[in-house]
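Summary of the model geometry
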Amino acid sequence: MPVIIMKNEEEVLKKLQNLIEEISNEAITSRGKFTIGFSGGSLGKYLCQTLPNITTTWSKWAIFFCDERYVEESDIESTFGFYKKHLIPLVPLTEQQFRSINVNDPVEKVADDYEASIKAEFGKSSEIPSFDLLLLGIGPDGHTASLFPNHPLLKMTNRLVTHIIDSPKPPPKRITMTYPLINNARNSIFTVPGKGKAEILKKIFEDKEDLPAARVRSNNVYWLFDNDSAPSVTEI
Ligand SMILES: O=C(O)[C@H](O)[C@@H](O)[C@H](O)[C@H](O)COP(=O)(O)O
């Protein structure tokens, strides 16, 4: 559970950049590709600021979403829509390298198909896939991906991807990775600089509240804080 405290957001983003570069190149060297999960929210801005500076083999990247809103790609709330508009012009990635969703299908089917596409990406073995890296955020209520406090999805063990229709964070309908998939990742990174994250990180690290983000147990979980967000206790 590496907790890394940097001086400020700029230093946090440099650390994020270095970790993504290092993890991507290890994955490509060892396994011939790099499987990564993007989240929405402020991570989008962070990736636009960092990914253009890394040295990697972009064609080997397979990009999925830790969660995605059930909206048209053209909708401002679409996470893929954000990356298509703001990130793709900055780096040598193609749209096809992103596994987006088809909202012409019911949300239940979208989740089923997304799970099937992840299994296909990793080969149909019965093993739970191990993403090389999941980039996660944390909401003010301690949610991560679209796993919200006290929600039944927190207990789901028989699915890798599922759907939610009552997300407390709009929009209400989403698909989301579940803990069996998230916790089998080789690495996950929470990029959480800034005063705005201090309170929720205090709840998790100092008050030991059992919130959804605190339940992430990927093989390596990196918490990237800065002096404004870092709790006084850094063990959970
Ligand atoms: O699509 C989403 O809504 C995200 O995946 C969500 O889990 C996000 O990561 C957190 O809400 C943190 O968002 P911020 O980083 O913008 O606070």
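Scroll up a little and you will see the structure.
Throughout what follows, the structure given in this document is the object of discussion. The shown structure was predicted, so the numbers you read here are calculated from the model rather than taken from an experiment. (Residues numbered from 1 in each chain as written. Predicted model: local features only at pLDDT ≥ 70, side-chain atom pairs only at ≥ 80, totals over all residues. Heavy atoms only, no water.)

On to the packing of aromatic side chains. The full count for this structure, using the stated rule, is 17 aromatic pairs. Connected via pairs of aromatic rings, a cluster forms that spans Phe38, Phe65, Phe80, Phe82, Tyr83 and Phe98. The aromatic ring of Phe122 is capped on one face by Lys33, whose charged end is 5.9 Å from the ring centroid. (Phe/Tyr/Trp six-rings, centres within 6.5 Å; stacked < 30°, edge-to-face > 60°. Lys NZ or Arg CZ within 6 Å of the ring centre and 35° of its normal.)

This part takes up the pairing of strand 3 (residues 61-65). Most of strand 3 is tucked away: five of the five residues are buried. Going residue by residue along strand 3, you find Trp61, Ile63 and Phe65 tucked away on one face and Ala62 and Phe64 tucked away on the opposite face as well. Where strand 2 (residues 34-38) lies against strand 3, five bridges are found, and the strand directions are parallel. Within strand 3, the residue paired with Gly37 across the bridge is Phe64. Tracing the backbone out of strand 2, into helix 2 (residues 43-50) and back to the parallel element strand 3 gives a crossover that is right-handed. (Buried < 20%, exposed > 50% of the residue type's maximum accessible area, 1.4 Å probe, protein only. Helix = DSSP H or I, 4+ residues; strand = E, 2+ residues; numbered from the N terminus. Pairing = 2+ DSSP bridges. Right-handed = clockwise from strand over helix to strand, strands pointing away.)

Counting 76 residues, the largest nonpolar core has Phe38, Leu51, Trp61, Phe98, Leu135 and Trp223 as the members making the most contacts within it. The element that contributes the greatest number of residues to this core is helix 1 (residues 9-31), accounting for eight residues. Ignoring any residue separated from it by four or fewer positions in sequence, one finds Trp61 in contact with Ile20, Ser24, Ile28, Phe34, Ile36, Phe38, Leu51, Ile54, Thr56, Leu93 and Gln97. (Core = buried A, V, L, I, M, F, W, Y, C linked by side-chain atoms within 4.5 Å. Contact = heavy atoms within 4.5 Å.)

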